[in-house]
There are 2 protein chains.
Amino acid sequence: MEKVLNPKSAVVIGASKTPNKVGNVILRNLIERKMKTLYAVNPKYQEVLGIKCFPSVKKLPKKVDCAIIATPAATVPKIVKECGEKGIKGVIIITSGFEEVGNHKGAQEIKRYAKKYGLQIIGPNCLGVLNMHGKIDTIFLPSHKLERPKEGAISFLSQSGAVGSVIIDMLAHYGIGVAKFISYGNATATDESDLLEYLGKDKESEVIVLYVEGVKDGRRFYNALKKAARTKKIIVLKGGKEKGGQKAAKSHTGNIAGSYTAYQAAFKQSKVIEVEDIEELFDILKLIEKPLPKGERVGVITNGGGLGIMTADEVEKQGLKLAEFEERTKKELKKILPPYGRVGNPLDLVADADVFAYERALAAISKDRNTDMLAVITLLQTPKMDDRIVGVLTKTIAQINKPLVVISLGGEYTEAYIKIFERSGVPTYTSPKSAIKALKKLREFAKRKEKKRR
Amino acid sequence: MEKVLNPKSAVVIGASKTPNKVGNVILRNLIERKMKTLYAVNPKYQEVLGIKCFPSVKKLPKKVDCAIIATPAATVPKIVKECGEKGIKGVIIITSGFEEVGNHKGAQEIKRYAKKYGLQIIGPNCLGVLNMHGKIDTIFLPSHKLERPKEGAISFLSQSGAVGSVIIDMLAHYGIGVAKFISYGNATATDESDLLEYLGKDKESEVIVLYVEGVKDGRRFYNALKKAARTKKIIVLKGGKEKGGQKAAKSHTGNIAGSYTAYQAAFKQSKVIEVEDIEELFDILKLIEKPLPKGERVGVITNGGGLGIMTADEVEKQGLKLAEFEERTKKELKKILPPYGRVGNPLDLVADADVFAYERALAAISKDRNTDMLAVITLLQTPKMDDRIVGVLTKTIAQINKPLVVISLGGEYTEAYIKIFERSGVPTYTSPKSAIKALKKLREFAKRKEKKRR
């Protein structure tokens, strides 16, 4: 798999001089990422973007680690064969037009060559791979339209290229670091189970995110998932849950989505986190590298009464509990509040609260032994709030051993702050529901993990 | 009520020279909105912000339409009395420290004077009012932190000041136009039912949004809601649904939140839309001034297979149906797709689609008689998408008689577009779930309305 995910040399087959064409964007990516040995193949050119171009794979001066194929579907099997003959072991096929449109003959040929020559093939019908710690990036969407994330510990497998690209774009936007991304499309020769097995052992990956519509072999998939979940935190998003979606899935990557109930059971038993949709995926991702909650009890801090109430409602609706603070904590909190204020949970610091009130309240509740997690509402519109709140929050998060979520909502001003919060590693949510649901999901996950340990 | 919501003259009692203080911000607001006759009251000053300042209400040269009180709680009842004696009929009490902290004596006095002098009192413990078509704005949060919305047809009643201010800020941010905003706090002399009655007859208000924790008189509230719902579209958000939230609500505005089940039944019977939270409120607000869906059948257009699948899943999960396009429509669509493309629903225009493919697909499905609503996924990351998509969407929305939602998600680039979409009146969602849930809610609302007509 290293040949595909960490190649030292590569060739782009179907390299193009036309801007925005797949064979142009990918070659440009590899130049920008400083791939050491790089060739192009296209009988029309002698060079593309300053890279030497050859009429065919056979004519390459030496073998390379990885070939990226972006030529018409009809030409692909023959090119795969040539790669095998040349001794190129890693192959990424971007081209679509195989299983998903009923071209099973083409797919079978690819499979046969993979076996014959011992090739590691990703695709076809995919975006390819991105290794933030390496030199490879075959995402053919313009980088001004689609940001690349920073280096990190989250790896991501996606059956769908579109879902993959959107999530990569959002990971960058939220400042979440990525290790490896693999868009595996039709999974013709390398499937989700192979990839899970690989990532389960990958040192750079601590969290694995998986978007899957249908799998090749259910039993194998379940076992691969269960095994990988022993060493990594895994988050799964399933596409094609209902009838109409399943029908669409079949014509998408040629895989049968299968009964959702079976998948759900497999996800539960293999101790992974299943998310409902992309929004929930990010709600969880923001917290996944933080401490897991050790109990059900939530402490709520607010500077707006109504939002405290909504958050308290959500805590109970989600089946979590409002913490009953220790007497010691209550005494501490009493000192912070104005004379007419009452120590409750939610703790209402009222609209008049400044950053220091938050600092002291956070310090007290962080230590509270009756509180397992914190939900901190910061309405930034109030006159006395200022940017020192960022420091107070990051300091608290660095010190406490409980998950902490921040809930902040509003217009331009607040959104600018939310971005700063996110880039500073503060898990920020724009609604009580999304924040509390994320805490609930993590608590469920922690409980399943606890059982395992016994 | 005109004296409070549309005053031609006003006085700020407790006017202050200190920036960001309540009595300073409100006076500044009224100057900026060009309130014709404007006075200040504070024994310490002779003028504030260039406005003539008097030692007491009694000393004012003439009576005004509306007095805004921002002095300590202990002084408020006496000032209300003086307003009554002076012949000032509209009174807004910003000050807190009454029912919500057990000061029922102060509240009773205010109530007594309201009756005795025939005053229209808003508050205490509130943000006051904002009339986008008039001169009044008593929101005391700095305008650089909290945007003001543009003029429009949505009016908003909020028991909570914080929830009120956040929603106002978000309305501005999403480009949604507002008529009147009333933060009514403890509802001591003017309650939610009075305000609903007033807005039900208000020509500038077409939609009424209500955030309520607890009401004064359940029966009266139900009747007021039912009556107003005959002429206006009403959206309700309830705070204090669960036990912990209810307890918090009591110490918030001194009102008892009461059994949520009873509220739910009242909302259903009075034909209003109940939303779960602020997020869902905005999901609905984006569509509320568009045509209502006449049936259950959704047409889905996408340029990303996986997102089409997730949207199809959501359509079925929400109990809506995937439309089966008419033969005529299918023929039209076949012409747009590449040779290997299949006409399905979701209609996958594939990543290669340009703006013209969208234009033609939208034209065909807009006319389709088997489609009641449209969900259009636009992944803007693809090479051939460009800014002409904005024009295509706004043109389509202006012409069709069905609700249309756009689903777009991604990083910086996509977010910039989403903002343009929203400001152009395109209902845009960042997840299939929020978009389809909004369509479902509107369909339920339309069905209840249909029943009424029979």
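Here, every reference points to the structure presented above.
Residues numbered from 1 in each chain as written. Chains lettered and ligands numbered in written order. Predicted model: local features only at pLDDT ≥ 70, side-chain atom pairs only at ≥ 80, totals over all residues. Heavy atoms only, no water.

1. Things to note about the overall build of chain A
We count it as follows: Helix numbers and strand numbers start at the N terminus; a helix is a DSSP run of H or I with at least 4 residues, a strand a run of E with at least 2. Using a 1.4 Å probe on the protein chains alone, a residue whose accessible area is under 20% of its type maximum counts as buried, one over 50% counts as exposed, and one in between counts as partly exposed. In what follows, residue pairs with any heavy atoms lying within 4.5 Å of each other are defined as contacts.
In terms of regular secondary structure, chain A is built from 16 helices and 19 strands. Overall size of chain A, expressed as C-alpha extent along the three principal axes, is 85 × 45 × 35 Å. The proportion of buried residues among the 454 residues of chain A is 65%. For chain A, long-range pairs separated by at least 24 residues make up 75% of all intrachain contacts whose partners lie at least 6 apart in sequence.

2. Section: the sheet that holds strand 2 (residues 37–41) of chain A
Paired through backbone hydrogen bonds, the strands of a sheet run either parallel or antiparallel to each other. Residues and elements named next belong to chain A. Definition in use: In this description, strands pair whenever DSSP reports at least two bridges between them.
Spatially, 3-4-2-1-5-6-7 is the arrangement adopted by the seven strands of the open sheet, whose pairing is mixed. Only two strands of the sheet have a single partner each, and these edge strands are strand 3 (47–48) and strand 7 (120–122). Judged from the five bridges that link them, strand 1 (residues 9–13) and strand 2 form a sheet pairing that is parallel. Within the sheet, the bridge partner assigned to I13 lies in strand 2 and is V41.

3. Comments concerning the relation of the copies chain B and chain A
What counts is decided by this rule: A residue counts toward the fit only if its pLDDT is at least 70 in both copies, and the copies are then superposed by least squares on the C-alpha atoms of those residues.
Its rotation angle being 180°, the transformation that places chain B on chain A also includes 0.0 Å of axial translation and leaves an RMSD of 0.0 Å. Taken together, the turn and the small shift mark the pair as related by a two-fold rotation axis. A shared interface surface links the copies, since 99% of the contact residues of chain B are contact residues in chain A too.

4. A word on the packing of helix 14 (residues 388–399) of chain A against helix 15 (residues 412–423) of chain A
Residue and element names in this part refer to chain A. So the rule is basically this: Orientation is described by axes fitted as lines to C-alpha atoms, over the contacting stretch for helices, and by angles from 0 to 180 degrees between their N-to-C directions. Reported orientations rely on four angle classes, namely roughly parallel under 35 degrees, roughly antiparallel over 145, roughly perpendicular from 65 to 115, and oblique for the rest. Two helices that cross are described as forming a left-handed crossing if the nearer one is turned anticlockwise from the farther one by less than a right angle, and a right-handed crossing if clockwise.
The N-to-C vectors of helix 14 and helix 15 enclose an angle of 30°; their axes lie 10 Å apart at closest approach. Considered as vectors, helix 14 and helix 15 are oriented roughly parallel to each other. Note that helix 14 runs across helix 15; the crossing there is right-handed. Side by side, helix 14 and helix 15 meet where I389, V390 and L393 of the first sit next to Y417, I420 and F421 of the second.

5. As for helix 15 (residues 412–423) of chain B
Worth spelling out the cut-off: Here the expected length of a helix is defined as 1.5 Å per residue gap, with one fewer gap than residues. This arc describes the spread of directions from the helix axis toward the C-beta atoms.
The end-to-end C-alpha separation of helix 15 of chain B is 17 Å, in line with the 16 Å expected for twelve residues at 1.5 Å each. For helix 15 of chain B, every residue scored as buried is listed here: Y413(B), T414(B), Y417(B), I418(B), F421(B) and E422(B). The arc that holds every buried residue of helix 15 of chain B, seen down its axis, measures 165°, which confines them to one face. Against helix 5 (161–173) of chain A together with helix 10 (278–288), helix 14 (388–399), strand 18 (404–407) and strand 19 (428–429) of chain B lie the buried residues of helix 15 of chain B.

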